[in-house]
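Descriptive structure summary
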Amino acid sequence: MEHTSSYEPKSAFAKWWDDRLPVARLMHGQFVDFPTPRNLNYLWTFGGILTFCLVAQIVTGIVLAMHYQPSAHEAFNSVEAIRRDVNFGWLLRNFHAVGASMFFIAVYIHIFRGLYYGSYKAPREVLWILGVIIFLIMMATAFMGYALPWGQMSFWGVTVITNLFSSLNEIIPGVGTAIVEWLWGGYSVSGTTLNRFFALHYLLPFVLFGIVVLHIWALHVAGQNNPTGLDIKTKSDAVPMFPFAVAKDAVGLFAFLILFAWFVFYLPDYLGHADNYIEANPLVTPPHIVPEWYFLPFYAILRAIPSKLGGVIAMFSAIAVLIFVPWLDTSRVRSAKYRPLYKWFFWLLVISAVSLGYLGAKPAEGAYVTWSRIFTAYYFAHFLIVMPVLGLIETPTKLPKSISASVLRGGSGTPEGAAAAPETR
Amino acid sequence: MASEVEEPNRRDFLIIAGNAFAAVGAAVTLWPFISQMNPDAGAQALASVEIDLSPVKEGQAITAMWRGKPIFIRNRTPEEVKAAEAVPLADLPDQSARNDLLPEATPALDTNRIKSGKDNWLILIGICTHLGCIPKGQAMADTKGDFGGWFCPCHGSHYDTSGRIRKGPAPRNLEVPPYEFVSDTKIKIG
Amino acid sequence: MMRAMKYGSLAALALLAGAALAPAANAAGGHVHIERQTWSFGGFTGQFDTAQLQRGFQIYKDVCSACHGLKRVRFRNLVEPGGPEFPEEAVKALAHEWPNKIVDGPNDEGKMFEREPKLFDPMIGAFKNDNEARAAQNGALPPDLSLIAKARNVEYTGTWWAHPFSMLRDIATGYQEGGADYLYALLTGYHEAPADVKLSDGMSYNAAFPGHQIAMPAPLAKDNFVKYQDGTGSLDQNARDVSAFLAWAADPSLNARKSLGWLVLLYLVVTTGLLYVGKKRIWASIPH
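Residues numbered from 1 in each chain as written. Chains lettered and ligands numbered in written order. Predicted model: local features only at pLDDT ≥ 70, side-chain atom pairs only at ≥ 80, totals over all residues. Heavy atoms only, no water.

Across its full length, chain A holds 17 helices and 2 strands. For chain A, whose C-alpha radius of gyration is 24 Å, the value lies close to the compact-globule estimate of 22 Å for 425 residues. Taken over the C-alpha atoms alone, chain A extends approximately 75 × 60 × 40 Å along its principal axes. Long-range contacts, defined as pairs at least 24 residues apart, comprise 81% of the intrachain contacts of chain A with a sequence gap of at least 6. If you sum the accessible surface of chain A, you get close to 17900 Å²; carbon and sulfur atoms cover 71% of it. Of note, chain A has its 28 positive side-chain charges centred 9 Å away from the centre of its 23 negative side-chain charges. (Helix = DSSP H or I, 4+ residues; strand = E, 2+ residues; numbered from the N terminus. Rg over C-alpha atoms; globule rule 2.2 N^0.38 Å. Contact = heavy atoms within 4.5 Å. Areas by Shrake-Rupley, 256 points an atom, 1.4 Å probe, with all protein chains shown as cover. Lys, Arg positive; Asp, Glu negative; His and termini not counted. Charge placed at Lys NZ, Arg CZ, Asp CG, Glu CD.)

Here it is, written out as structure tokens:
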């Protein structure tokens, strides 16, 4: 967003440096002076929380990689050595394993926040699509990371999910098998597969980091959306990021860390599966294979479709459809706050997604399948029918004149000028 | 009006307290990340080893491992012991005994580098004090250097029959590890 | 609206998180209801009871170790804080008597040899490998018990609509003792088979075991249990103690984890509070 930078180098060295590589000026402009809408609520702190999650996963991951051995013989043993013998190994390992789940909790809240307030609409389409790509890479990274402890659920989860590609045999015979064997580096999941998963699991977070930088760049070009969905029109609509938004982000982050720590210290295995404490055994399949909880909604969609290829297509489409959301939504109003009908459909989508998560953990039989189909149908209908149609027929409620008007309407009595010149510290 | 004057102070205090708490938390969180690189419980459990000396005949030497380092154990002949004891301190480039169980200032007499009553047993960390090579002199056929002890092939350091540096670039005598005799023919290192 | 949004996302979050442990249904065996026990190491302030771990180890040594190894636990672990905390000399003597020797080598002659375990060695079981164990046990493999308390869990058996609430309760109370609950239920679950159950050859009936037919004969019984050094003992007490011991074997850092945990949480709550008050101050003059 265009705004004047208040950066002034304080020392001769800073001045010298600023003339050569004005990185401090850039940071100051983007993370100190940057105008943020004054009406952001706590749901907007999840961007910062997610940045923390990514950095925390990278740091704990690097540290764990110092002790982990990516071989079929030693992987399980080395994870146990980390839990038992490495100094604070139990803490670092729990942090990383729980951290993956926390990352997904935060990303789901972040995505649904974007969907509710229309954060994907012009001019934020590229920002949104970058987000979908981040989500996809996150899922790939998490999936490969879950393979690394080489427990039973690791092994059979990898077997089942990689086998999905064999459904391509239904289009061109032989292609699916060829792809699966290429992924495995053999004729079944083996230590070779584990090694390449480890290499990629170490690489992808850095790729993710790069795309996150683009995501933030795109955000800072378009500016942040806000609960009203209105653009920043005057200075009084915004406050500088520092200290205002930063102070709020800090509260959000620490509150999130309470939940995080509760799981790390008191429920380290709750989000995992007991079978992953049994070393991988290619000869014994666990009675019921479930993916990690954050994949369950997609797993339910996969199993809701009776055909194997159809299920795979539906599952990938469930993510791919998100890319087109900016153009599927035809409403001229961004925020669902002013869309009396869409609001309800939004919560229907949330219910569908949560229910699919629940059903994904249930065996694929009887009423569970029926319900999976109903919610899958709604999931797609929401994006492909509700979004385009509702936008055309719905009459939005009256929008406030501006962001500042929306927050002053409640009447705290402060004149508008007060916000135009926020206190400097 | 008074309250308005006080306001910034209180506000500053609370904000500073919050920031300070967060900063201290971040600093404390660093500790597990640093500590994890220390030797783990498995490595620590191997921090002391027991070695049986009974198979080592007079004039022979064996090499044991302790904390990943070679330990030279030599059963010296009476001549070798005599030669080691006869060296005047003034002839030694490094006059410290380099015995982990004795203070730094202990003179490098042969008696300070062995256990009294076990004069024939010389126990050393077999790492040249110059640049960390393993000196020759353990095997019968090895060259033992100009002083009958050990010879480091990397840069030509000569050690005597007490493992003391006599000639060459090494700055210190070979180090004596902390050990004790748990029985007549058994030592515990570490 | 914001409020509704908040509660909505909280509920969604809780459900999403909770769905993680949605039961892995075993279509063949069906779910067995396992009673939850009270454990000293359960909950927010839980810690292992050293005396109980010592008794539990005795059960393991006298009963379980005949078939089951404990290969991820090393003798030194029995001395270390947070565990049974036996004196070092006692554990050295124990290692000296341990019937299962460590294969080491090759020696100078190039031969592998057997030696007594030392403090840093694992507590291996009676069988050299899984195949030998199967051959000796009629084809059934007695699993290594190092992680058994983590590798087993209890399944939810209530109604579907109460499931999310059950999950929330488990999350709020930090329930992680499913493995110990299961082991206790298994060890006390040997009964006469009901009339309508036809047991296969060499199998025993167990109320807690999925499918109810278990290859392991009852290791403890009402009239056949281990007496502790003070002369007391019972099937119930034996089962309880060895379950606690195995919970420790699978999670030896629990004491450290829980004692650090509440400090971290306290710190986070206080800091969040301070940051919140600071944020209020910063925003005081700006309606938002």
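This part covers the state of the cysteines. The term disulfide refers to a covalent linkage connecting the sulfur atoms of a pair of cysteines. Evaluated as defined, the whole model comprises 1 disulfide over all chains. The disulfide partner of Cys133 of chain B is Cys154 of chain B, and the S-S distance across this bridge is 2.0 Å. Where Cys133 of chain B bonds to Cys154 of chain B through sulfur, the torsion about that S-S bond is close to -105 degrees, and the disulfide is left-handed. Residue Cys133 of chain B is located in the loop between strand S4 (121-125) and strand S5 (148-152), and its partner Cys154 of chain B is located in the loop between S5 and strand S6 (157-160); the two are separated by 21 residues in the primary sequence. Note on Cys154 of chain B: relative accessible area 36%, which makes it partly exposed. The structure places no disulfide on Cys67 of chain C, whose sulfur is separated from the nearest cysteine sulfur, that of Cys64 of chain C, by 9.3 Å. By relative accessible area, which is 26% here, Cys67 of chain C ends up partly exposed. (Disulfide = S-S within 2.5 Å. Buried < 20%, exposed > 50% of the residue type's maximum accessible area, 1.4 Å probe, protein only.)

This brings us to the packing of helix H2 (residues 50-62) of chain C against helix H8 (residues 235-250) of chain C. All names here are of chain C. In contact at an axis separation of 7 Å, H2 and H8 are set at 100 degrees when each is read in the N-to-C sense. Considering the angle they form, H2 stands roughly perpendicular to H8. For the pair formed by H2 and H8, the contact residues are Gln52, Leu53, Arg55, Gly56, Phe57, Ile59 and Tyr60 on the first element and Gln237, Asn238, Arg240, Asp241, Val242, Ala244, Phe245 and Trp248 on the second. (Axes fitted to C-alpha atoms, helices over the stretch in contact; angles between N-to-C directions. Parallel < 35°, antiparallel > 145°, perpendicular 65-115°, else oblique.)

Right, let's talk about the interface of chain A and chain C for a bit. Listed per partner, the contact involves 72 residues of chain A and 70 residues of chain C. A buried area of about 6100 Å², summed over both sides, lies between chain A and chain C, and 72% of it is on carbon and sulfur atoms. Of all residues in chain A, the largest losses of buried area upon contact with chain C belong to Arg84, Tyr266 and Tyr270 of chain A, amounting jointly to 14% of the total for that side. The tally of links between chain A and chain C comes to 4 salt bridges. Arg76 of chain C serves as the salt-bridge partner of Asp85 of chain A, at 3.1 Å between the closest nitrogen and oxygen. Inspection of the region where chain A meets chain C yields 18 residue pairs in polar contact (both at pLDDT 80 or more). Put simply, the parts of the chain that give the side of chain A that touches chain C at least two residues each are helix H4 (75-84), helix H5 (89-116), helix H10 (241-266), helix H14 (342-360) and helix H16 (403-408) of chain A. When residues of the side of chain A that touches chain C are assigned to their parent elements, the largest contribution, 18 residues, is made by H10 of chain A. Each residue belonging to the side of chain A that touches chain C can be placed in one class, and the counts come to 49 nonpolar, 8 polar and 15 charged. (Buried area = accessible area lost by both parts, 1.4 Å probe. Salt bridge = Lys/Arg side-chain N within 4 Å of Asp/Glu carboxyl O. Polar contact = N/O pair within 3.5 Å; in protein donor to acceptor, adjacent residues only side chain to side chain. Nonpolar A, V, L, I, M, F, W, Y, C, P; charged D, E, K, R; others polar.)

Let us now look at helix H3 (residues 46-65) of chain A. Along its 20 residues, H3 of chain A runs 28 Å from first to last C-alpha, staying within 8% of the 28 Å computed at 1.5 Å per residue. Those residues of H3 of chain A lying buried are Phe46, Ile49, Leu50, Cys53, Leu54, Ala56, Gln57, Ile58, Thr60, Val63 and Leu64 of chain A. (Expected span 1.5 Å × (residues − 1).)

All names here are of chain A. Direction vectors running N to C along H5 and H10 enclose 135 degrees, while the axes themselves pass 9 Å from each other. Viewed along their axes, H5 and H10 adopt a mutual orientation that is oblique. Seen from above, H5 lies across H10 with right-handed handedness. Side by side, H5 and H10 meet where Trp90, Leu91, Asn94, Phe95, Val98, Gly99, Met102 and Ala106 of the first sit next to Phe256, Leu259, Phe260, Phe263, Val264 and Phe265 of the second. Taken together, the residues of the contact of H5 with H10 sort by class into 12 nonpolar, 2 polar and no charged. (Left-handed = near helix turned anticlockwise from the far one by under 90°.)

Predicted confidence across chain A gives a mean pLDDT of 93, with 95% of residues reaching 70 or more. Below pLDDT 50 for its whole length, residues 411-425 of chain A participates in 23 contacts with residues either more than four positions away or in separate chains. (pLDDT = per-residue confidence, 0-100.)

All names here are of chain B. Spatially, S2-S3-S4 is the arrangement adopted by the 3 strands of the open sheet, whose pairing is antiparallel. Two strands lie at the open edges of the sheet, namely strand S2 (61-66) and S4, each paired on one side alone. Taking the axes of each pair of neighbouring strands and ignoring which way they run, one obtains an average angle of 20 degrees across the sheet. Bridging between S2 and strand S3 (residues 69-75) involves 6 bridges; their strand directions are antiparallel. By the bridge assignment for S3, Ile62 is matched with Ile73. (Pairing = 2+ DSSP bridges.)

Before going further, it helps to examine the packing of aromatic side chains. Residues and elements named next belong to chain A. Here the structure, examined in full by the defined rule, presents 48 aromatic pairs over all chains. With centroids separated by 4.9 Å and ring planes inclined at 70 degrees, the aromatic side chains of Tyr116 and Phe346 adopt a geometry described as edge-to-face. One end of the pair, Tyr116, is in helix H5; the other, Phe346, is in helix H14, and 230 residues separate them in sequence. Accessibility classification places Tyr116 together with Phe346 in one group, the buried group. (Phe/Tyr/Trp six-rings, centres within 6.5 Å; stacked < 30°, edge-to-face > 60°.)

Let us look at the nonpolar core. Nonpolar side chains in soluble globular proteins generally cluster together in the buried interior. If you look at the biggest cluster of nonpolar residues, it comprises 132 residues, and the most contacted ones within it are Phe104, Leu115, Phe135, Phe263, Phe298, Tyr379 and Phe383 of chain A. Apart from the residues lying within four places of it in its own chain, the contact partners of Leu115 of chain A are Tyr120, Trp128, Val325, Tyr342, Phe346, Leu349, Phe383 and Met387 of chain A. (Core = buried A, V, L, I, M, F, W, Y, C linked by side-chain atoms within 4.5 Å.)

Taken together, the contacts link 11 residues of chain C with 16 residues of chain B. Around 1200 Å² of area is buried between chain C and chain B when both sides are counted, 69% of it from carbon and sulfur atoms. Per-residue buried area on chain C facing chain B is highest for Tyr267, Leu274 and Arg281 of chain C; these three make up 46% of the total on that side. Between chain C and chain B we count 0 salt bridges in total. On inspection of chain C and its partner chain B, the count reaches 2 residue pairs in polar contact (both at pLDDT 80 or more). For the side of chain C that touches chain B, a count of residues per class yields 7 nonpolar, 2 polar and 2 charged.

Between Ala122 of chain A and the following residue, Pro123 of chain A, the backbone shows a cis peptide bond with an omega angle of 5 degrees. Inspection of the secondary structure assignment puts Pro123 of chain A in the loop between H5 and helix H6 (125-147). Residue Pro106 of chain C follows Gly105 of chain C across a cis peptide bond; omega there is 0 degrees. The topology assignment puts Pro106 of chain C in the loop between strand S2 (102-104) and strand S3 (113-115).

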